[in-house]
Amino acid sequence: GELEVGRIKMELFDNVCPRTCENFRQLCTGEFRREGLPVGYKGAPFHRIVKDFMVQGGDFVKGDGSGRISIYGDRFADENFELSHAGPGFLAMANSGPDTNGCQFFITCNRADWLNGKHVVFGKVLDPQSLLTVRKIEAVAVDAGNAPTFPVTISECGEL
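Here the structure is a predicted model, which is why all the values come from computation and not from measurement. (Residues numbered from 1 in each chain as written. Predicted model: local features only at pLDDT ≥ 70, side-chain atom pairs only at ≥ 80, totals over all residues. Heavy atoms only, no water.)

Caption draft 1: The arrangement of the packing of aromatic side chains in detail. Per the counting criterion, the structure on display carries eight aromatic pairs. A ring pair is formed by Phe24 and Phe122, whose centres lie 5.3 Å apart and whose planes are at 65 degrees; its orientation type is edge-to-face. Within this pair, whereas Phe24 is found in helix 1 (residues 18–29), its partner Phe122 is found in strand 8 (residues 121–125), the two being separated by 98 residues in sequence. Neither residue differs from the other here; Phe24 and Phe122 are each classed as buried. For the ring pair Phe46 and Phe105, a centre distance of 5.9 Å and an interplane angle of 90 degrees mean the geometry is edge-to-face. (Phe/Tyr/Trp six-rings, centres within 6.5 Å; stacked < 30°, edge-to-face > 60°. Helix = DSSP H or I, 4+ residues; strand = E, 2+ residues; numbered from the N terminus. Buried < 20%, exposed > 50% of the residue type's maximum accessible area, 1.4 Å probe, protein only.)

Okay, here's the thing in structure tokens:
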């Protein structure tokens, strides 16, 4: 069976990273469409979980961390590195190198200074209840490759 673990409310820093935030927002709401159908995070997995570091999700293309698409095309450039991975609950773009942002994101579980200047931080978990949900995801058992041993899925998403 399935178990709902909670909702993660996030504040997007669109005053600092407007393009990155708009990409994330449209993938949350389903406004972005391919071949006339809404595409985005609903049903996407958290495919990588590293305790005391981060939870990564958003690969609705392949579901395993190898998929990439954005509202701007296959990828888009790093917007800026003004914000840092200063503690738990920061929302950042996952990438495979400079200027390779797509749909994947991660939420920090602790400070991650070594990622500053490499991943665009564009939001933050909004409240303690949301951070508790992140902690529940962080606590899921993983295999040797940091993939959860059972599906962890975004069941609903949107804009509040």
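Caption draft 2: Representation of the environment of His85 within the structure. Turning to its location among the elements, His85 is positioned in the loop between strand 5 (54–57) and strand 6 (90–93). Taking relative accessible area as the criterion, His85 reaches 0% and is therefore assigned buried. Remark: the alpha-carbon pair of His85 and Gln129, spanning 44 residues in sequence, is separated by 20 Å. In this view, His85 contacts Ala92, Phe106, Thr108, Arg111, Ala112, Asp113, Leu115, Asn116, His119 and Val121; residues no more than four positions away in its chain are not counted. (Contact = heavy atoms within 4.5 Å.)

Caption draft 3: Structural detail: the sheet that holds strand 5. With respect to topology, six strands assemble into an open sheet ordered 1-8-6-7-5-4, the strand pairing being antiparallel. Of all strands in the sheet, those with a lone pairing partner are strand 1 (10–12) and strand 4 (46–50), marking the two edges. Pairwise comparison of adjacent strand axes, ignoring direction, gives a mean angle of 25 degrees for this sheet. Bridge count for strand 4 against strand 5 is four bridges, and the pairing is antiparallel. Within the sheet, the bridge partner assigned to Arg48 lies in strand 5 and is Gln56. Taken strand by strand, helix 1 contacts strand 1, strand 6, strand 7 (105–108) and strand 8, and its axis lies near 140 degrees from that of strand 1. (Pairing = 2+ DSSP bridges. Axes fitted to C-alpha atoms, helices over the stretch in contact; angles between N-to-C directions.)

Caption draft 4: Fine view of the nonpolar core. Counting 31 residues, the largest nonpolar core has Phe24, Tyr41, Phe46, Val55, Phe105, Ile107 and Phe122 as the members making the most contacts within it. Looking at this core, the elements that each hand over two or more residues are helix 1, strand 4, strand 6, strand 7, strand 8 and helix 2 (128–138). For this core, the element with the highest residue contribution is helix 1, accounting for four residues. Ignoring any residue separated from it by four or fewer positions in sequence, one finds Phe46 in contact with Val55, Gln56, Gly57, Phe105, Ile137, Pro148, Val152 and Ile154. Listed in part, the 10 residues of the second largest apolar core include Val50, Phe90, Ala112 and Val121. (Core = buried A, V, L, I, M, F, W, Y, C linked by side-chain atoms within 4.5 Å.)

Caption draft 5: Representation of the environment of Phe81 within the structure. Relative to the assigned elements, Phe81 resides in the loop between strand 5 and strand 6. For the pair formed by Phe81 and Gly117, sequence separation is 36 residues and the distance between their alpha carbons is 5.3 Å. Not counting residues up to four positions away in its chain, the partners in contact with Phe81 are Gly117, Lys118, His119 and Val120.

Caption draft 6: Inspection of the pairing of strand 7 at higher detail. Both faces of strand 7 are covered, namely the face carrying Phe105 and Ile107 and the face carrying Phe106 and Thr108. As paired elements, strand 5 and strand 7 share four bridges and run antiparallel to each other. If you follow Gly57 over to strand 7, its bridge partner there is Phe105. Where strand 6 meets strand 7, three bridges bridge the pair, whose relative direction is antiparallel. Considered in strand 7, the bridge of Ala92 is made with Phe106.

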